[in-house]
Amino acid sequence: MKFITKITSALILSFGLANACSYTIDNSHTNVGFSVKHMMITNVKGEFKTYDAKIDFDLATKNFKSFSANVDIASIDTGIEKRDAHLKSEDFFASEKFPKMTFVMKSYEVDGDEGKMKGDLTIRGITKPVVLEVEDLSTIKDFDGNNRIGFTLKGKINRMDYDLKWNKVLETGGVAVAEEVKIIVDVEAVEK
C-alpha cells in the first residue's frame, strides 16, 4: 500500500510540474519599482530599468511553481542623476561591488487570483527572507494566441537589514530617509 501511495504522489507531482509552463518577462510592460519616505513627509519613487526573471506558472491552478529574478543595481532610476549616483555608491547599494539584487521563491500560497510568494531576497550579498503579496493575477491569450500572465508583487523590507544604512538626522527631528522600503513590481510575462 505504501508503494502505491508513493507512486501516486510521484505521479501527481510530475503531472503538476508538467502543467507548469515557462514564461518570459515582457520588459515593455513590466516595472520593478520601490518607494521610500523622504524627510518624513513624502514618498520618493524609483525603479530598476534592467532585470530578468525565470517564471514557471501553472495556468490551470494559477500556481507559481518557481520564480527567480535578477536586477541590475546600476540601472536604478529615480529621475535625479545625482541621487541615482548616491544610491549606487558605498553609502547604499555599492553597485560596483554588488552589481545584482536577486530574489528566489521558496514557496507560493494560492488564494484565488491572489497569493503569497515567500522567498529569499539578496542585496549587497546579504540574504533575508521576504514575503511578497501577489495581487491582480490575470491570464489572457494575446493577439498571436500566446498565453500571458500579469500580476503585481508588493512587499516591504527594512533597508538596514541589507546594510543600506546611510542617513542624516533632521534638525526638526526624524531622518532624511526612512528605514522601510516598499516594493512594487508590476509584471507581464508571455509563455515561451
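Residues numbered from 1 in each chain as written. Predicted model: local features only at pLDDT ≥ 70, side-chain atom pairs only at ≥ 80, totals over all residues. Heavy atoms only, no water.

Could you give me a rundown of the overall build of the protein chain, with the residues and numbers involved?
A tally of regular secondary structure across the protein chain gives two helices and eleven strands. Secondary structure elements in the protein chain, listed N-terminal to C-terminal, are α-β-β-β-β-β-β-α-β-β-β-β-β. The proportion of buried residues among the 192 residues of the protein chain is 38%. Considering only residue pairs separated by 6 or more positions, the protein chain has 56% of its internal contacts joining residues 24 or more positions apart. With the model as given, the accessible surface of the protein chain reaches about 11,400 Å², and the carbon-plus-sulfur share is 56%. (Helix = DSSP H or I, 4+ residues; strand = E, 2+ residues; numbered from the N terminus. Buried < 20%, exposed > 50% of the residue type's maximum accessible area, 1.4 Å probe, protein only. Contact = heavy atoms within 4.5 Å. Areas by Shrake-Rupley, 256 points an atom, 1.4 Å probe, with all protein chains shown as cover.)

Break down the packing of aromatic side chains for me, with residues and values.
By the definition in use, this model includes nine aromatic pairs. Ring centres 6.0 Å apart and planes at 85 degrees place the aromatic pair F48 and F93 in the edge-to-face group. One end of the pair, F48, is in strand β3 (residues 42-48); the other, F93, is in the loop between α2 (81-88) and β7 (100-111), with 45 residues separating them in the sequence. F93 sits in the buried class, given a relative accessible area of 11%. Plain terms: the ring middles of F64 and F151 are 5.0 Å apart, the flat faces sit at 75 degrees to each other, and that makes the pair edge-to-face. One end of the pair, F64, is in strand β5 (residues 63-72); the other, F151, is in strand β10 (residues 147-158), with 87 residues separating them in the sequence. Neither F64 nor F151 differs from the other in exposure class; each is buried. (Phe/Tyr/Trp six-rings, centres within 6.5 Å; stacked < 30°, edge-to-face > 60°.)

If you had to explain the pattern of salt bridges to someone new, which residues and values would you point to?
Evaluated as defined, the whole model comprises 13 salt bridges. As a salt-bridge pair, D26 and R148 come within 2.8 Å of each other at their nearest N and O atoms. A residue pair is termed long-range when its members are at least 10 positions apart, and D26 in the loop between β1 (20-25) and β2 (31-38) and R148 in strand β10 qualify at 122 residues. With respect to class, D26 is no different from R148; both count as buried. Within the structure, one salt-bridge network assembled from shared partners comprises D26, D142, R148 and E188. (Salt bridge = Lys/Arg side-chain N within 4 Å of Asp/Glu carboxyl O.)

Would you mind going over the side chain of T30 in detail, with residue names and values included?
Mapped onto the fold, T30 is located in the loop between β1 and β2. At 3.1 Å, the side chain of T30 forms a polar contact with the backbone nitrogen of E188. Excluding anything up to four places from it in sequence, T30 contacts I25, Y51, D186, V187 and E188. (Polar contact = N/O pair within 3.5 Å; in protein donor to acceptor, adjacent residues only side chain to side chain.)

Go over a positive patch on the surface with me, naming the residues and quoting the values.
On the surface, a cluster of positive charge is contributed by K37, K45, K156 and K182. On the secondary structure map, K156 appears in strand β10. (Patch = residues over 30% accessible without salt bridge, like charges linked within 9 Å, V, L, I, M, F, W, Y side chains within 5 Å. Lys, Arg positive; Asp, Glu negative; His and termini not counted. Charge placed at Lys NZ, Arg CZ, Asp CG, Glu CD.)

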